[in-house]
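Working through the structure, step by step
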Amino acid sequence: LPSALIMPICVSIIPVIAAAITKRQYGEAREVTESSLKLTNIFIMPAGVGITVLAFPIYAVLFTTDQQAVTIGSTILSVFGIASYFVCMQLITTALLQAHGHERVPVLSYGVGGLAQIIVDYILVSNPNINILGSPVGTLTCYATITLINLLFITFKLKSKPNFAKIFIKPLLCTAVMGVAARAVYELLSKVGYNTLGGGRLALAVYMAAAIIAAIVVYVVLIVAT
């Protein structure tokens, strides 16, 4: 779901950056590169963290309130929430590498990432004590590996190197505060409202919706402020 927000950015930046590089306008290429990475972080960091911190109510509301099923399902979903960030980052970094004429690099990074997932899945999923819980860890390892390799090439190979501190630090700080706010609001409402609304799916949906609204307000205020 979060990656659907990033695909239009990936499609649009390739011709713009390629045209700027052809004209040797490296400053413009760097500006577009930084803007695309910053937009990705602004949209996807809170989405991934939101899925992670609210994994329990999301899973319970959408699927079942069976305690054992929710415990396993929400654990898997929480890891996938973080993995979704790296899924989006590998998409945007792959597009940036293609735009700069390094289209062979993603072939290498995808191969290494795929191999990493096979190894992690084989080790974890085959362990009876971990089982299916190892699958999302393999996915996270795969896309984090691809993202890391792509970012290393962007750092050392591109003439229009982006300012990573400006791209990552502020969105990360805003997202961290938002995640804490979302979790705090959900926990508070679920405890206060338990005697009134109970702990069924409808009640969890109300608590979750309130936490999401609070998270949006906090995040928007912080993004504007920073």
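What counts, and where the lines are drawn
- Residues numbered from 1 in each chain as written.
- Predicted model: local features only at pLDDT ≥ 70, side-chain atom pairs only at ≥ 80, totals over all residues.
- Heavy atoms only, no water.
- Helix = DSSP H or I, 4+ residues; strand = E, 2+ residues; numbered from the N terminus.
- Buried < 20%, exposed > 50% of the residue type's maximum accessible area, 1.4 Å probe, protein only.
- Areas by Shrake-Rupley, 256 points an atom, 1.4 Å probe, with all protein chains shown as cover.
- Lys, Arg positive; Asp, Glu negative; His and termini not counted.
- Charge placed at Lys NZ, Arg CZ, Asp CG, Glu CD.
- Core = buried A, V, L, I, M, F, W, Y, C linked by side-chain atoms within 4.5 Å.
- Contact = heavy atoms within 4.5 Å.
- Disulfide = S-S within 2.5 Å.
- Expected span 1.5 Å × (residues − 1).
- 1 Å grid on protein atoms, 1.4 Å probe; cavity = no way out; pocket = protein on both sides within 12 Å on 5 of 7 lines; lining within 4 Å.
- Points joined across faces, edges and corners; volume = space filled by probe spheres on them.
- Nonpolar A, V, L, I, M, F, W, Y, C, P; charged D, E, K, R; others polar.

1. Focus: the overall build of the protein
Secondary structure summary: the protein contains nine helices and zero strands in total. Along the first, second and third principal axes, the C-alpha atoms of the protein reach 65 × 45 × 25 Å. Taken over 226 residues, the protein has a buried fraction of 40%. Put simply, the protein shows about 11,800 Å² of open surface, and 71% of that area lies on carbon and sulfur atoms. Of the charged side chains in the protein, 13 are positive and 7 negative; the average position of the first set lies 9 Å away from that of the second.

2. Quick notes on the nonpolar core
Grouped together as the largest cluster of nonpolar side chains are 25 residues, with contacts concentrated most on I6, I13, I17 and I92. Mapped onto this core, the elements with two or more residues apiece are helix 1 (3-22), helix 2 (26-53), helix 4 (67-99), helix 6 (134-157) and helix 7 (164-192). The greatest single-element share of this core, amounting to eight residues, is contributed by helix 4. Aside from chain neighbours lying at most four places away, what touches I92 is I6, I9, C10, I13, S36, L37 and T40.

3. Things to note about the state of the cysteines
A covalent bond bridging the sulfur atoms of two cysteines is what the word disulfide describes. Going through the model one piece at a time under the given rule, you end up with zero disulfides. In this structure C88 is a free cysteine whose sulfur lies 8.3 Å from that of C10, the closest cysteine sulfur available. Not part of a disulfide, C174 finds its nearest cysteine sulfur in C88, a span of 18 Å.

4. Notes on the environment of I146
Mapped onto the elements, I146 comes out in helix 6. Placed 20 residues apart in sequence, I146 and S126 show a C-alpha to C-alpha distance of 24 Å. Filtering out sequence-adjacent residues up to four positions away, I146 remains in contact with Q90, S109, Y110 and G113.

5. A short note on helix 6
The periodicity of an α-helix, 3.6 residues per turn, causes residues three or four places apart in sequence to face the same way. For helix 6, which comprises 24 residues, the first-to-last C-alpha distance of 34 Å matches the rise-based estimate of 34 Å (1.5 Å per residue) to within 8%. Among all positions of helix 6, only G134, P136, G138, T139, C142, T145, I146, T147, I149, N150, L151 and I154 are buried. Considering only its buried residues, helix 6 is in contact with helix 4, helix 5 (105-125) and helix 7.

6. Let's talk about the layout of surface pockets
Volume-wise, the largest pocket comes out at about 450 Å³. In this structure, the largest pocket is lined by 17 residues; those nearest its centre are P46, A47, G50, I212 and I216. Contributions of two or more residues to the lining of the largest pocket are made by helix 2, helix 7 and helix 9 (201-225). A per-class count over the lining of the largest pocket returns 16 nonpolar, one polar and no charged.

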